[in-house]
Amino acid sequence: NLKLSSMVFFLSFLLLWGLPTLLNGLSFSPNTSSHLVPPTLQAYNPLRQSQIFAQTRELDSAPLDESIQHSFDAIVVGSGIGGLSCAALLSHFGYSVAVFESHSMPGGAAHGYSVYNKNIGGTFTFDTGPSFFSGLNSDFPAKSSNPLRSILDILGEEVKCAPYATFGLKFPEGDFLHSPKFGLSGGVVDAVSGARGVEQWRKLMKAMEPLANAVDAMPTAALRDDVGVALTAGQFLPNFAKTNPLENLKLTSPFSKIIDGSGVTDEFIKNWLDLLCFCLSGVPSDGTITAEMAMMVGEFYDDDAIMDCPIGGAKSIVDALVRGIEKNSGFICCNSHVEEICIENGRAVGVRLKKNPEQLISAKKGVISNISIWDLMNTGIVDTNHFPDRFVSNRKATPECPSFMHLHVGFEMAKHELQKLQAHYIYIADWVRGVSDDENCALVSIPSVHDDTLAPNGYAVLHIYTPATERFERWENVKRNTPEYKALKEERSEFLWNVLESIIPDIRQRTIHSQVGTPLTHQRFLRRHKGTYGPAIYASEGSFPFPTTLVEGLLLCGDSCFPGIGVPAVAGSGIIAANSISLDTIVPQLKVLQQLKSRNSG
């Protein structure tokens, strides 16, 4: 099996999978149709539309016509960015779509939350998940390999962002500023390793250029998991004319092979790349697929590379996707826990909600699961007897990353003080211990540096977390809301406080509000299996499953079915799931691709 990119599948996918599928008639997506016309959009009650999150909408309580209330073309279970991206694209195609979410608000790991503090008479707004974003700012040209930006452009939705080019590094070697000049003369590599390190960095970047070009050559929006890929992706084959097919095959290999093949021996560079891979994918460079890093290199190290701080936090991205769904008459139904994905005669036909298990809400084209593969296979939401035993056992055995500790802080700080800080810091205590060692690495986000909407005047917010290093086993037998749990939270968050003090020495004295998130928090509120950071599938050992399954009409999206952890991976999985739900989507998909082409050439 090919181990495919978290950003894009590119030429090797089309040549090694798509065309053999077309010629041999193997592995076709089962949910196909004989016609290539998008379904007619159903009429919706305009009273059903409301301001995003202004009220919790529950499908069963809405006074809608029965044919609309309990029948849709597609149903998405879970409203993470992957599920919302899928639903948004399907609704844009003309499908009637409903998204069912257990939580009181959409967004999954990207949803935010607010806390009112009566002592200061103001509200702190926090992100619960992603921190680093790039390529979202509509003031800058889009890259076709950026799945989330593609979705937003298709929908005609924008996310207001504050651009920035630097973030802080707190390393054993000292404190540095990361910038696009990281590996150049006068940059961080030069400061630590000198001219020898700079030359090795140059050779690595040179080796990455053709790989980055190959990633950019195939838009994520062109991909699908069925025979239609020959029509939608085939038109981009000329983009590969200047690329080397044998070089392109390196995209499916571990990034460590590219590092070694480029002659990189400098320990600092190798340590940094291991840390960067770990932050992006949850595994070091020997487990991270090269294609993921090929896209990242441009996002970080092009001369004009910038990062984006979404104004209003990650929730503003969720809001944009929800707007895109609702303006095309789709539904976001919160507080609507799906009890069962119903399978009849080998086909997914709809869902039943916990609050009304007698009522089948039917899906004419298919059901897309945005819950993790572990929860899909282990919780009884689907009857696994409909799958071959080997399929079930393989999916249940999908390796997961450890969980993470999370600390949210609302604190007092004047604007002129914030201007002296960076919006992000990456901290590591000891390279020798390794990036995955316990209490050795932390990521810090201080969005208030660029966004003054998240806290009252004179105050700011931050969150800090340990990426995929907190073992669930430490917590699984601890009861929430007990003295033991409280003590363990204090103990395990002390490392995070110590890291913060290396940035803001008097942070504890400035703190107005603080809240600790544990693996149990993430398991409960983010519905993450064991609170996991995501899948830990090594590029050299396995491959991620794809959107389609062995049950007709049941598709998957999210971080456990697309390579990599984070927003690009889940948005990309949502796009491919939407495209793959039926051959009906080929025509609207081709129209979308033409739309994106026109945008990029304009």
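Residues numbered from 1 in each chain as written. Predicted model: local features only at pLDDT ≥ 70, side-chain atom pairs only at ≥ 80, totals over all residues. Heavy atoms only, no water.

**Structural notes on the overall build of the chain**
Rule in force here: What counts as a helix is a DSSP run of H or I of at least four residues, what counts as a strand is a run of E of at least two, and both are numbered from the N terminus. When a residue's accessible area, from a 1.4 Å probe over protein chains only, is under 20% of the maximum for its type it is buried; when over 50% it is exposed; and in between it is partly exposed. Any two residues whose heavy atoms approach within 4.5 Å are treated as being in contact. Shrake-Rupley sampling with a 1.4 Å probe provides the accessible areas, and residues are treated as covered by the protein chains on show and by no other component.
What the chain contains, in helices and strands, is 19 helices and 18 strands. Per-residue burial over the chain gives 60% buried out of 602 residues. Pairs at least 24 residues apart make up 73% of the contacts formed inside the chain by residues separated by at least 6 positions. About 23300 Å² of surface is accessible on the chain, with carbon and sulfur atoms providing 50% of the total.

**Quick look at the packing of aromatic side chains**
We count it as follows: Aromatic pairing here means that ring centres of Phe, Tyr or Trp (its six-membered ring) are within 6.5 Å. Orientation follows from the plane angle: under 30 degrees is stacked, over 60 is edge-to-face, and everything else is tilted.
The tally for this structure, following the rule as stated, stands at 21 aromatic pairs. Taking the centre distance of 5.1 Å and the plane angle of 65 degrees together, the rings of F171 and W431 count as edge-to-face. Remark: W431 occurs in the loop between β14 (424-428) and β15 (441-445) and F171 occurs in strand β6 (residues 167-171); sequence separation between them is 260 residues. Taking the relative accessible area as the measure of exposure, F171 reaches 6% and is therefore buried. On the basis of relative accessible area, W431 is assigned to the buried category, the value being 11%. Centroid distance W475 to Y485: 5.8 Å. Interplanar angle 80 degrees. Geometry classified as edge-to-face. Here the residue W475 occupies a position in the loop between β16 (459-465) and α15 (483-501), and Y485 occupies one in helix α15, the gap between them amounting to 10 residues. Neither residue differs from the other here; W475 and Y485 are each classed as buried. These aromatic residues form a ring-pair network of at least three members: F132, F167, F171, F182, W201, F268, W272, F300, Y301 and W431.

**Description of the pattern of salt bridges**
Side chains bearing opposite charge may pair, as long as their charged atoms lie close to each other. Threshold: Salt bridges are defined by distance alone: a side-chain nitrogen of Lys or Arg within 4 Å of a carboxyl oxygen of Asp or Glu.
According to the stated counting rule, one finds 24 salt bridges in the structure shown. Note that K365 and D584 form a salt bridge whose closest N and O atoms lie 2.6 Å from each other. Residue K365 is found in strand β12 (residues 356-369), and its partner D584 is found in the loop between α18 (567-580) and α19 (586-601); the two are separated by 219 residues along the sequence. In this structure, D437 engages R433 in a salt bridge whose closest nitrogen and oxygen atoms are separated by 2.7 Å. Taken together, the shared-partner salt bridges in this structure form one network comprising D438, E439, E470, R474 and R492.

**Some thoughts on the packing of helix α3 (residues 81-93) against helix α11 (residues 315-326)**
Stated formally: Between N-to-C directions, angles cover 0 to 180 degrees, with each direction set by a line fitted to C-alpha atoms, over the stretch in contact for helices. Each angle receives one of four descriptions, namely roughly parallel if under 35 degrees, roughly antiparallel if over 145, roughly perpendicular if within 65 to 115, and oblique otherwise. Two helices that cross are described as forming a left-handed crossing if the nearer one is turned anticlockwise from the farther one by less than a right angle, and a right-handed crossing if clockwise. Residue type decides the class: Asp, Glu, Lys and Arg count as charged, Ala, Val, Leu, Ile, Met, Phe, Trp, Tyr, Cys and Pro as nonpolar, and the leftover types, Gly among them, as polar.
Running from amino to carboxyl end, α3 crosses α11 at an angle of 30 degrees, the nearest separation of the two axes being 8 Å. Taken together, the axes of α3 and α11 lie roughly parallel to each other. When you trace α3 past α11, the crossing you get is left-handed. Two secondary-structure elements touch here, α3 through I81, L84, S85, A87, A88 and S91 and α11 through I317, V318, L321, V322, G324 and I325. Here the contact of α3 with α11 is composed, by residue class, of 9 nonpolar, 3 polar and no charged.

**Considering the nonpolar core**
Short version of the rule: Within this scheme, the nonpolar core is defined by two criteria: the residues are buried Ala, Val, Leu, Ile, Met, Phe, Trp, Tyr or Cys, and they are joined through side-chain atoms within 4.5 Å.
Ranked by internal contacts, the top residues of the largest apolar core, which has 109 residues, are L90, W272, L275 and I368. Element by element, the count of residues in this core is highest for helix α5 (residues 188-217), at 11 residues. Not counting the four nearest positions on each side in its chain, I368 is found in contact with A74, I75, V76, V77, C86, L90, L555, L556, C557, A577 and I581. By size, the runner-up hydrophobic cluster in this structure holds 32 residues, among which are F411, L421, V478 and Y485.

**Details of the sheet that holds β16**
What counts is decided by this rule: One bridge is not enough; two strands pair if DSSP finds at least two bridges between them.
In spatial order, the strands read β7-β6-β14-β15-β16-β13-β17; together these 7 strands make up an open sheet with mixed pairing. Both outer strands of the open sheet, β7 (174-178) and β17 (511-517), are each paired with one neighbouring strand and no more. Taken over all neighbouring pairs, the strand axes of this sheet differ in orientation by 15 degrees on average, direction set aside. Looking at chain direction, strand β13 (residues 406-412) and β17 are connected through 6 bridges and run antiparallel. Bridging from a neighbouring strand, L407 pairs with V516 of β17.

**A few points about unusual backbone geometry**
With a phi angle near 70 degrees, S329 is a residue other than glycine that sits in the positive phi range. Relative to the elements of secondary structure, S329 occurs in the loop between α11 and β9 (331-333). Its identity is not glycine, yet A468 carries a phi of approximately 55 degrees, on the positive side.

That's the geometry; what it means functionally is another story.
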